[in-house]
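Chain and residue survey
Below are the chains, spelled out letter by letter.
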Amino acid sequence: MKQFEYYKPLSLGEAWELKKKIPGSLFIAGGTDMLVGIKNNEIHPPALLSLRSIPGLNSIETNEVTRIGALATISDIIRNPELKEDFPVLVEAAKNLGSMQIRNVATIGGNLCNGSPCADMALPLLVMEAKVRLQTANDKRELPIDEFFKGPGKSCLASHEILTDILLDPPSKNTKAVFMKKGRVKMDLAVASVAVRLDMEGSKCLKARIAAGSVAPVPLRLSKVEAVLEGEALTQKHASEAQRLAKDNVIPITDIRSTEEYRRQITGVLVKRAIERALEWSQA
Amino acid sequence: MKTEISFILNGSEVQVSVHSHHRLIDVLRKQLGQTGTKEGCGEGECGACTVIIDGRAVNSCLYPAFEVEGKSVTTIEGLQGPKNELSVIQQSFVEQGAIQCGFCTPGMILSAKALIDSNSDPSEEDIRDALLGNLCRCTGYVQIVEAVKKAAAQLKRKK
């Protein structure tokens, strides 16, 4: 392993001071992506600033607004009974992330900040219209999560900025949301993944949010697909139309996991199936 | 940069001076001589390096040594009984023929232990999910899953 210094600041203030003092240092959360990057010589930080010892950064609060600390591990999310009740789609995506060993260490904030187009946690947060809270020593901002991702491995985080919280408004009773992922085996990175959220009143769709992963430079909202569902009394015809539109509106690449064409096909299929399941749930 | 860290290893407190870039697996194998923990891929894919930290299975190849301060770590060396007898899970692996070359076995057994400790009656799906991050290139997984099932049942009867 390449050498680096490792600091465990006990407060955000201390973390920012270290960041200022050590040029090129990087904040690290669970480290399951970053340490692999260092091992493979992709990044060469002189120092890592661990956020794991900062009190409160890993807590989950489910009051009026649900606040998930960025350092909450994927396992913390799976084991949280309130999240399971209020945001089952988030828990389902969490269960599909990596292996048990990874889920026990990897954090929701790390998954987002790593900026991967296949980030499993991004999709449920996109369809539930989560906000992210970003902080620097002197400033704090909150923005919708669909403004967070900027490209493969890139987010809108400035170098001194720390993602501290993920915020979710309470879901309405009519909200049904589904996560589906296609990979070679479950722990693999997705070939494609989708999340579909429908707010239904009877058979009428009041609101649709659809997001797809591994099929664009960023986790992608499919607003054209959403538009054909919203305001409509949904039938099988709409699911098929959504399938076609999803296939045409993603911009995947061919890589070792899949071809572009297969990714298009499977995204369409997943969107259709997820819509069908959300409808089944809303009728149940 | 070097720091003295202390943590609980298999029930006993240890103190060791570690480098900032060292991983838990480096400390276990090179400094503490606990070579039961294996390094396969070094990237969190294969699970050969699995240990239990505060009750949860983790990859020790992705765990910075500095982070283990104050925590409780269980390695395969910590599973044997007072007279060096095998634990129930280990014995079950032997009996079910769940071992061939043995390289993945310590990790498999620790993943199984973390599962059974938190869920005394795991379904086959629970077992396969808990062992998904542990690759075996010899035996396939049927005997391994069977061994975990039998061990869980036996431990439950004992309670």
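Residues numbered from 1 in each chain as written. Chains lettered and ligands numbered in written order. Predicted model: local features only at pLDDT ≥ 70, side-chain atom pairs only at ≥ 80, totals over all residues.

**Side note on the overall build of chain A**
Each helix and strand in chain A was counted, giving 11 helices and 14 strands. Computed over C-alpha atoms, the radius of gyration of chain A comes to 19 Å, within 12% of the 19 Å expected from 2.2 N^0.38 for 284 residues, which places it in the range of a compact globule. With respect to the three principal axes, the spread of C-alpha positions in chain A is 60 × 45 × 30 Å. The burial tally for chain A puts 52% of its 284 residues in the buried class. Across chain A, contacts joining residues at least 24 apart in sequence account for 62% of those joining residues at least 6 apart. (Helix = DSSP H or I, 4+ residues; strand = E, 2+ residues; numbered from the N terminus. Rg over C-alpha atoms; globule rule 2.2 N^0.38 Å. Buried ≥ 20, exposed ≤ 12 C-beta atoms within 10 Å, placed from the backbone. Contact = placed C-beta atoms within 7 Å.)

**Here's the deal with the sheet that holds strand 3 (residues 47-50) of chain A**
Residues and elements named next belong to chain A. In space, the three strands of this open sheet follow the order 1-3-2, with parallel pairing throughout. In this open sheet, the two strands that pair with only one neighbour each are strand 1 (5-7) and strand 2 (26-28). Neighbouring strand axes in the sheet, compared pairwise and without regard to direction, differ in orientation by 30 degrees on average. (Pairing = 2+ DSSP bridges. Axes fitted to C-alpha atoms, helices over the stretch in contact; angles between N-to-C directions.)

**A few points about the domain arrangement of chain B**
Interfaces are often sized by the accessible area lost when the parts come together. Residues and elements named next belong to chain B. Partitioning chain B into structural domains gives domain 1 (2-78) and domain 2 (88-158). Inter-centroid distance (C-alpha atoms) of domain 1 to domain 2 is 21 Å. Across the contact, 15 residues belong to domain 1 and 14 residues belong to domain 2. Residue assignment for the side of domain 1 that touches domain 2 shows that the elements contributing at least two residues are strand 3 (50-53) and strand 4 (56-59). Its residues assigned to classes, the side of domain 1 that touches domain 2 shows seven nonpolar, six polar and two charged. (Domains from an automatic or database assignment. Nonpolar A, V, L, I, M, F, W, Y, C, P; charged D, E, K, R; others polar.)

**Concerning the pairing of strand 5 (residues 66-69) of chain A**
All names here are of chain A. Note that strand 4 (residues 60-62) and strand 5 share three bridges and pair antiparallel. Within strand 5, the position partnered with T62 by the bridge is T66. Sheet topology note: the strand 5/strand 10 (residues 162-168) ladder contains four bridges and is antiparallel. Along strand 10, the bridge assignment pairs T66 with L168.

**Looking at the interface of chain A and chain B**
Counting residues at the interface gives 23 residues for chain A and 22 residues for chain B. Only strand 1, helix 2 (34-39) and helix 6 (100-103) of chain A provide two or more residues apiece to the side of chain A that touches chain B. Residue composition of the side of chain A that touches chain B, by class: nine nonpolar, eight polar and six charged.

**Structural notes on unusual backbone geometry**
Residue and element names in this part refer to chain A. Within the chain, N41 stands out as a residue other than glycine whose phi angle is a positive 60 degrees. Among the structural elements, N41 can be located in the loop between helix 2 and strand 3. The phi dihedral of S214 is positive, around 65 degrees, even though this residue is not glycine. Considering the arrangement of structural elements, one finds S214 in the loop between strand 13 (204-213) and strand 14 (220-221). On the basis of neighbour count, S214 is assigned to the buried category, with 30 C-beta atoms found within 10 Å.

**Details of helix 2 (residues 88-95) of chain B**
All names here are of chain B. Those residues of helix 2 not exposed but buried are I89, Q90, S92 and F93. Projected onto a plane normal to the axis of helix 2, the buried residues spread over an arc of 160 degrees and lie on a single side. Each element contacted by the buried residues of helix 2 is listed here: helix 3 (105-118) and helix 5 (142-158). The positive-phi residue at the C-terminal boundary of helix 2 is G97, with phi of around 65 degrees. (Arc of directions from axis to C-beta.)

**Some words on the domain arrangement of chain A**
Residues and elements named next belong to chain A. Parsing chain A into structural domains produces domain 1 (5-50), domain 2 (60-168) and domain 3 (175-283). Each of domain 1 and domain 2 has a C-alpha centre, and the two are 19 Å apart. Opposite the nine residues of domain 1 that make contact, domain 2 presents 15 residues. Examining the composition of the side of domain 1 that touches domain 2, we find that four residues originate from one element, helix 1 (residues 12-21), more than from any other. Its residues assigned to classes, the side of domain 1 that touches domain 2 shows five nonpolar, two polar and two charged.

**Here we look at helix 5 (residues 88-95) of chain A**
Those residues of helix 5 of chain A not exposed but buried are V89(A), L90(A), V91(A), A93(A) and A94(A). Packed against the buried residues of helix 5 of chain A are helix 3 (74-79), helix 4 (81-86), helix 8 (122-127), strand 11 (175-182) and strand 12 (192-201) of chain A.

**Concerning the environment of R197(A)**
All names here are of chain A. In this structure, R197 sits in strand 12. Owing to 25 C-beta atoms within 10 Å, R197 belongs among the buried residues under this scheme. Separated by 33 residues in the primary sequence, R197 and T164 place their C-alpha atoms 25 Å from one another. Non-local contacts of R197, meaning those with residues more than four positions away in its chain, are made with V89, V127, M128, T175, A177 and R209.

**A closer look at the packing of helix 2 of chain B against helix 3 of chain B**
All names here are of chain B. Two numbers describe how helix 2 lies on helix 3: the axes approach to 10 Å, and their chain directions differ by 125 degrees. One way to sum up the angle between helix 2 and helix 3 is to call them oblique. The two elements helix 2 and helix 3 meet at a crossing, and its hand is right-handed. For the pair helix 2 and helix 3, contact is made by I89, Q90 and F93 and by T105, I109, A112 and K113, respectively. Its residues placed into classes, the contact of helix 2 with helix 3 shows four nonpolar, two polar and one charged. (Parallel < 35°, antiparallel > 145°, perpendicular 65-115°, else oblique. Left-handed = near helix turned anticlockwise from the far one by under 90°.)

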